Structures are given as structure tokens and as C-alpha cells.
Amino acid sequence: MKIITPRNCRLAMMLAGMLLAGAAVAEPDGKSEPVAPKAKDHPLKEIWSGYHFQSEETRAQQDDADANPAMEHYKAGEKFWSKVAGKSKKSCSSCHGDAAKSMRGAGTRFPLYYPISKRMINVEDRINLCREKFMGAKPWDLGSKELLALSVFVKRQSLGARVTPQTSGPAANFFDKGKTFYTTRRGQLDMACTHCHDKYAGKKLRGLTLTQGQSNGYPAYRKTPGKTVSLGQQINACLIRVRAAPLAAGSEDLLNLETYLAWRGQGLPVETPAVRE
Ligand code: HEC
Ligand code: HEC
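Residues numbered from 1 in each chain as written. Chains lettered and ligands numbered in written order. Predicted model: local features only at pLDDT ≥ 70, side-chain atom pairs only at ≥ 80, totals over all residues. Heavy atoms only, no water.

**Remarks on the site of ligand 1**
Piece 1. Looking at ligand 1, there are 18 residues lining it, with Cys92, Cys95, His96, Arg109 and Cys130 nearest.
Piece 2. Histidine 96 is positioned with one of its side-chain polar atoms (N or O) 2.8 Å from a nitrogen atom of ligand 1.
Piece 3. Here an oxygen atom of ligand 1 and a side-chain polar atom of arginine 109 are 2.5 Å apart.
Piece 4. Within the residue set of the shell around ligand 1, elements represented by two or more residues are α4 (92-96), α6 (106-109), α7 (123-135) and α8 (145-156).
Piece 5. In terms of residue class, the shell around ligand 1 is built from twelve nonpolar, two polar and four charged. (Near = heavy atom within 4 Å. Polar contact = N/O pair within 3.5 Å; in protein donor to acceptor, adjacent residues only side chain to side chain. Helix = DSSP H or I, 4+ residues; strand = E, 2+ residues; numbered from the N terminus. Nonpolar A, V, L, I, M, F, W, Y, C, P; charged D, E, K, R; others polar.)

**As for the site of ligand 2**
Piece 1. Residues in close proximity to ligand 2 total 23 residues, the closest being Cys193, Cys196, His197, Tyr218 and Cys238.
Piece 2. Tyrosine 218 is positioned such that a nitrogen or oxygen atom in its side chain is 2.6 Å from an oxygen atom of ligand 2.
Piece 3. Between ligand 2 and the protein, one listed contact pairs an oxygen atom with a side-chain N or O atom of arginine 276 at 2.9 Å.
Piece 4. Placement of ligand 2 is best described as lying within the largest pocket.
Piece 5. Those elements that place two or more of their residues in the shell around ligand 2 are α10 (193-197), β5 (208-209) and α11 (231-241). (1 Å grid on protein atoms, 1.4 Å probe; cavity = no way out; pocket = protein on both sides within 12 Å on 5 of 7 lines; lining within 4 Å. Sits in = over half its atoms within 2 Å of the grid points.)

**A closer look at unusual backbone geometry**
Piece 1. In the segment running from threonine 224 into proline 225, the intervening peptide bond is cis, with an omega of 15 degrees.
Piece 2. The step from threonine 272 to proline 273 runs through a cis peptide bond, and the omega angle for that step is -10 degrees.
Piece 3. At arginine 243, a position not held by glycine, the phi torsion is positive, near 60 degrees.
Piece 4. With respect to the helices, strands and loops of the structure, arginine 243 is situated in the loop between α11 and α12 (252-264).
Piece 5. With relative accessibility at 49%, the residue arginine 243 sits in the partly exposed group. (Buried < 20%, exposed > 50% of the residue type's maximum accessible area, 1.4 Å probe, protein only.)

**Examining the coordination of the iron atom of ligand 2**
Piece 1. Those protein atoms acting as donors to the iron atom of ligand 2 are His197 (NE2) and Cys238 (SG), and they sit at 2.0 to 2.2 Å.
Piece 2. Here the iron atom of ligand 2 binds six donor atoms, and the angle range of 87 to 179 degrees at the metal identifies the geometry as octahedral. Taken together, the residues histidine 197 in helix α10 and cysteine 238 in helix α11 connect sequence positions 41 residues apart.
Piece 3. Residue cysteine 238 is classed as partly exposed on the basis of its relative accessible area of 23%. (Donors = N, O, S within 2.8 Å, 3.2 Å for Na, K, Ca; no water. Tetrahedral: all angles 85-135°; square planar, octahedral: opposite > 155°, others 65-115°.)

**Considering the pattern of salt bridges**
Piece 1. In the structure shown here, the tally under the stated rule is four salt bridges.
Piece 2. Ionic pairing is found between lysine 179 and aspartate 41, a salt bridge with its closest N-O pair at 3.9 Å. Residue lysine 179 is located in helix α9 (residues 172-183), and its partner aspartate 41 is located in the loop between β1 (19-20) and α2 (56-63); the two are separated by 138 residues in the primary sequence.
Piece 3. Put simply, aspartate 98 and lysine 101 hold a salt bridge, and the shortest N to O gap is 3.9 Å.
Piece 4. Taking relative accessible area as the criterion, lysine 101 reaches 68% and is therefore assigned exposed. (Salt bridge = Lys/Arg side-chain N within 4 Å of Asp/Glu carboxyl O.)

**Some points on the layout of surface pockets**
Piece 1. Roughly 900 Å³ of internal volume is contained in the largest pocket.
Piece 2. Taken together, 41 residues form the lining of the largest pocket, with His197, Arg222, Gln234, Cys238 and Arg241 sitting closest to its centre.
Piece 3. Elements represented by at least two residues in the lining of the largest pocket include exactly α9, α10, β5, α11 and α12.
Piece 4. At eight residues, α11 tops the list of elements feeding residues into the lining of the largest pocket.
Piece 5. When grouped by side-chain class, the residues that make up the lining of the largest pocket number 23 nonpolar, twelve polar and six charged. (Points joined across faces, edges and corners; volume = space filled by probe spheres on them.)

**A closer look at helix α3 (residues 71-81)**
Piece 1. Of the positions making up α3, those classed as buried are Met71, His73, Tyr74, Gly77, Phe80 and Trp81. Looking straight down α3, one finds its buried side chains confined to an arc of 160 degrees; they lie on one side. Residues of α3 that are exposed and point more than 90 degrees away from the buried face comprise Glu72 and Lys79.
Piece 2. Against the buried residues of α3 lie α4, α5 (99-102), α8 and β7 (227-229). (Arc of directions from axis to C-beta. Contact = heavy atoms within 4.5 Å.)

**Points about the coordination of the iron atom of ligand 1**
Piece 1. Within the protein, the atoms that donate to the iron atom of ligand 1 are His96 (NE2) and Cys130 (SG), at distances of 2.0 to 2.3 Å.
Piece 2. Coordination geometry of the iron atom of ligand 1: the six donor atoms subtend angles of 88 to 177 degrees at the metal centre, consistent with an arrangement described as octahedral. With histidine 96 in helix α4 and cysteine 130 in helix α7, the pair connects residues that are 34 residues apart, well separated along the chain.
Piece 3. Judged by relative accessible area, cysteine 130 falls into the buried class, the value being 17%.

Right under this line is the structure:
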């Protein structure tokens, strides 16, 4: 992506000011490896998980389930998994049994095209659909601690499995829209996702090392602001960073963007819940 044109020369200067001379990124500790993109039109030469750009301490925290602050949500999710709810008096486990078996791989597939609502849905949406359709229970609020807990629990069953997104067939149109969103400038800073995450990964931005903005670790614990956030919440934090309007939780724009992010990170291992600075 060519970033310096007369039109955005001011932006380039501003960005250059924000980016300190990026210190070389620490070498992976043996567990983080780049993935070669399959698609010819992929914006990255190598696909790296955000894990690669974290300090040794942060990586160790992610790797140790007892030290990973987001694991409290996993434990809560484990309890919800077998908790009976709704008119049908069923729990998730009544139908799905042992999550380690039935949910293995689920965290690699989403967002998926859902024909009934004719749009892409993520794991959070899928859980709520099961509650509504199969349990006769009220869907949880997006952003609720229940949904956060179960989405961490479900996605972690795919720990280490490779992200294999759906971007063709009925998903293609939504993928295209996500890509357009990703590359469109917005907000007072007039910047697109691609400016920070395709071009400047590895550089410092206000004390943080910019990553490629991959989604394979979400929901993830963020040391700033010190809580576990969903992918949608992380994307909104980035929109706010460029002084653009955040997207409504569960909106089509957000799901299209999640679809594009999954393609961009195709082949990365699921790391939920990741720990990030
Ligand atoms: C009455 C049975 C039933 C209950 C209870 C139920 N589900 Fe489901 N679930 C299904 C069926 C059937 C599917 C497959 C649906 C489809 O393909 O359209 C499914 C699909 C899923 C998927 C997608 C799996 C994949 O590999 O793509 C997830 C995730 C999921 N359920 C999570 C949950 C959670 C979490 C709960 C508890 C809150 C739950 N389900 C409760 C029947 C149920
Ligand atoms: C001004 C630069 C900037 C822009 C523009 C920006 N981000 Fe970010 N983004 C960041 C910073 C800083 C972080 C935290 C450090 C990191 O992971 O890069 C971050 C983190 C992320 C992460 C988490 C990555 C991980 O491994 O934890 C995702 C996903 C993400 N951004 C997606 C987006 C999307 C989608 C857009 C466009 C809507 C966007 N970003 C626009 C600066 C930006």
C-alpha cells in the first residue's frame, strides 16, 4: 500500500511523528512462527500472530493458564456449559456433550454465513442462536459476562488449531465489504485499518508495539485497559483511536470486518484467550 501521496502527506508526517524508530522485534521464542499467505492479493508477506510482538513476560503469561487473567472467563464458561436454562430445560452439554470433542474446530470456522439471517455470524451469535432456538432462553446481551465467558470457553477448545475462514460462496459479498471497510480512511485522523496494521506492524505507537491486528487470540486480555475484550470491542477501540464512530455490537459492518480479519490471519493458530499489552 502506497501511503505517501500529496493528498495524505500531512497524515504521513503525523504518522511518522507518532511512530518512534521501531526497535527490532524480538525473535519468536520458538512457539510463534509466521504463516505464508496463500492468496496472491494478500496484503502481508508473512502472517504473524500478535503474540510475536509481545514481551517475553506477556507471552509467558498467555502460555500459563494459571497466570493468564482471561482464564477466569474460561472457568466461568465451563460452568455455564452445563447449566440448565430456558423453557426446554437444557444446557449446552445436553446436546453437545464434552466440549473438548464437540467444540474442537468451532473456533477456527467463524464468522460463518448463516442463511436464515442472510449474513455472517460469529461464535457469540451462534451461542445466542442456540439459546434462542434450542433452549428457549433469552439471548445474552453482546458484551455480557456470560457471553464473554462462553465464547472464551468455546473458542479455547480449538487452541492451536488453524484459522480456516469462509470467504467464498455466499460469504464472498460480506468479505468484500469487510475488505473495503478495512482499507477505507475514517475518523478525524483520516486513517484506515491498513495504515497501522499492514504497513507499520513491529513499530512503536505511543509505547505499544503495533501488531498486524490479527484476530486469532480473541477474546483476549488487554493489559491496557486491564480487561478481557471481544474482537468487536477491540475493533471499536481502534476506531475510537482514529476518532471514528464505533460500530454497533453485532452489526453487519463489524461481522464483515471480522470475516476479512479471519482471511487476513488464515492459518494462524487459535490462541484464545491471548494476553496482549
Ligand atoms: C437442543 C440442542 C442444543 C443446545 C441445548 C445447544 N445447542 Fe449448540 N448447536 C445445536 C445444533 C443442532 C447445532 C448445529 C446447528 C446448525 O448447524 O445449524 C449447534 C451448533 C453450535 C455451535 C457451532 C458449532 C460448529 O462446530 O460450528 C456452537 C459454537 C454451539 N452450538 C454452542 C452452543 C452453546 C454454547 C450452547 C449452550 C448455551 C448450545 N450450543 C446449546 C444444538 C444445541
Ligand atoms: C492509529 C493506528 C491504528 C489503526 C488505524 C487501527 N488500529 Fe488496530 N490497533 C492499534 C494498536 C496500537 C493496537 C494495540 C497493539 C496492537 O495489537 O497492534 C491495535 C490492535 C488491534 C487488534 C488486536 C491485535 C492483537 O493481536 O491483539 C486488532 C484485531 C485490530 N487492532 C484491528 C483493527 C481494525 C479492524 C482497524 C480498522 C477499523 C484498526 N485496527 C485500526 C492501532 C491501530
